[in-house]
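Notes for the structure review
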Amino acid sequence: MFCFQCQETAKNQGCTIKGVCGKENDTANLQDLLIFNLKGIGVIASAAKAKGAATPKDAGLFVAQALFTTITNANFDDEKLNEWIQQAQKVKKELFERVKDKVGSDLHESATWYSDDVASFGAKAQAVGVLATENEDVRSLRELLIIGLKGIAAYADHASVLGIEKDEIFDFMFEALASTTQDLSVDEMVGLVLKAGEVAVTTMAALDEANTTAYGHPEITEVNLGVGSNPGILISGHDLKDMDELLKQTDGTGVDVYTHGEMLPANSYPAFKKFAHLKGNYGGSWWHQNEDFESFNGPVLMTTNCIIPMKKKNTYKDKVFTTGVVGFPGIKHIADRVNGGAKDFSKIIELAKTCNAPEEIETGKIVAGFAHNQVLALADKVVDAVKSGAIKRFVVMAGCDGRQKGRNYFTEVAEKLPKDAVILTAGCAKYRYNKLDLGDIGGIPRVLDAGQCNDCYSLVVIALKLQEAFGLDHVNDLPISFDIGWYEQKAVAVLLALLHLGVKGIRLGPTLPAFVSPTVLNVLVENFDIKPITDADADIEAMMQGK
């Protein structure tokens, strides 16, 4: 195996024996082989489009879902990955049969390779993985594109679940995957990476539209951190439709629902707030789940990536359920919807009824719901605070949380920022400081939580509206700094989106991505002034000076 797609990769170089995430060698190889087959679909689809042939939308959605299942902490189940590879070959074959008269047979191997022999998958995977591209800089640009594409795919799948799909997103996936099989110039590859940022903005906007159309615009909400006396179900991940269906199916059953990790923002949606048995948020970010799931006592539903292997002392395995693209060996899986129906969560609900109520691990409330619609409703107040000098700086500390001790940096920055600075956040990075008492500025909380990682789109909308309100030429002219924590591939998609929008001077940490070679890093530094985080005091001083 060789995997360097997440921030915690071994020695900030690459995992070669077993993933730091817990992914086994064989699992990593199967994911590589799945990506190889997706490249083949991209090759055929792109060749067909060049000849004027249309590609079926379901092929694009399949590619999005298959990319999604290879994201860090999503699928650890080799059996399911074998099924994904077999399905990818089926999609590839059916697509080729439809367009073979136009594309011919002179195609990249990824488009022509087929095998029914599951036992041979491992050997093939080792020949087509990341290191098959020998040139370090070419490999870096190809993997930066594919890794960003995985984040786009996740958001596209979420939007599709709620009925919004855009052909240009799927077409770009085909184009981007196919490009990694071609000998392109550095300028062409960099251009595709920046185009991925443009498509990431389009995709996050589509998901924002899907979420708010279905469930309303998030509202400022005090989210309870304590527990009730009823048994509960803990829902984690990102999928709001799963949340919707779970709340409806548990209504009136005597079973409460609690959010965990990236599902925290669901508490702010009007459609969910009407359910009295949505009790609040339990625990912290994804990497605390070994402790949080243990003390919760009831069943847990993992709707997207963020699942991690259990420790030997953990006893909750029989209470965990996966759904969607998530897979873990020995854990029960909730099947997808059939013919427009709902998922069946009855087994989770029945199990919950036999469990004790959650153990209380904290009390109090936190405030959430500062997505773009809500913040823009306060725009005049925010603008006045900036003009009066009450707010000197906005610091965007969005992105991901993670296990490394270096992430204490983000807590320290939050604690040490001057009282006239406001933090804009989205994603699970917020768990490093969202329970601190940082006060407010004239009634404006000093931490404005826009929601999930995909809600970084809200932060972009807020920044652009502030730029307009102040009559500035560019977002970089605002009193705003970007201090981003990243962990996995959706954060990379967000980063590329910011680069596409021309945002400069982004600080990134706790380490720079291992998949970015020194040469590619120089390109990013020269064009966008990307820089690593250093220490809290020095970075705060620089940010407050607009550097």
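Everything in this summary refers to the structure shown in the same document. Everything numeric here is computed off the predicted structure, so don't read it as measured data.

A few points about the overall build of the protein chain
From N to C terminus, the protein chain includes 19 helices and 16 strands. Against the compact-globule benchmark of 24 Å for 547 residues, the protein chain has a radius of gyration of 23 Å, which places it among compact chains. Projected onto its principal axes, the C-alpha coordinates of the protein chain cover approximately 65 × 60 × 40 Å. Counting across all 547 residues of the protein chain, residues that qualify as buried make up 60%. For the protein chain, the proportion of contacts with a sequence separation of at least 24, taken over those separated by at least 6, is 75%. Accessible surface, the protein chain as shown: approximately 20,900 Å² in total, 48% of it carbon and sulfur. Here the protein chain contributes 55 positive and 72 negative side-chain charges, whose respective centroids are spaced 2 Å apart.

Notes on the environment of Phe-394
Within the fold, Phe-394 resides in strand E9 (residues 393-396). Phe-394 gets classed as buried once you look at its relative accessible area, which sits at 5%. Residues Phe-394 and Gln-65, spaced 329 residues apart in sequence, show a C-alpha to C-alpha distance of 35 Å. Beyond its immediate stretch of four places on either side in the chain, Phe-394 contacts Val-382, Val-386, Val-422, Leu-424, Leu-466, Pro-479, Ile-480 and Ser-481.

As for the side chain of Lys-531
Tracing the backbone shows Lys-531 in strand E16 (residues 531-532). In this structure the side chain of Lys-531 is engaged in a polar contact, spanning 3.2 Å, whose partner is the side chain of Asp-529. Not counting the four nearest positions on each side in its chain, Lys-531 is found in contact with Gly-505, Ile-506, Arg-507, Leu-508 and Lys-547.

Focus on the pairing of strand E6 (residues 320-323)
Every second residue of E6 is oriented toward a common face, with Val-320 and Thr-322 on one face and Phe-321 and Thr-323 on the other, all of them buried. Bridge analysis of strand E5 (residues 300-302) against E6 gives three bridges, and the strand direction is parallel. Among the inter-strand pairings, Met-302 is bridged to a residue of E6, identified as Thr-322. In this sheet, strand E7 (residues 332-334) lies alongside E6 in parallel orientation, the contact comprising three bridges. From the neighbouring strand, Phe-321 faces E7, where its bridge partner is Lys-332.

The rules behind each value
Residues numbered from 1 in each chain as written. Predicted model: local features only at pLDDT ≥ 70, side-chain atom pairs only at ≥ 80, totals over all residues. Heavy atoms only, no water. Helix = DSSP H or I, 4+ residues; strand = E, 2+ residues; numbered from the N terminus. Rg over C-alpha atoms; globule rule 2.2 N^0.38 Å. Buried < 20%, exposed > 50% of the residue type's maximum accessible area, 1.4 Å probe, protein only. Contact = heavy atoms within 4.5 Å. Areas by Shrake-Rupley, 256 points an atom, 1.4 Å probe, with all protein chains shown as cover. Lys, Arg positive; Asp, Glu negative; His and termini not counted. Charge placed at Lys NZ, Arg CZ, Asp CG, Glu CD. Polar contact = N/O pair within 3.5 Å; in protein donor to acceptor, adjacent residues only side chain to side chain. Pairing = 2+ DSSP bridges.

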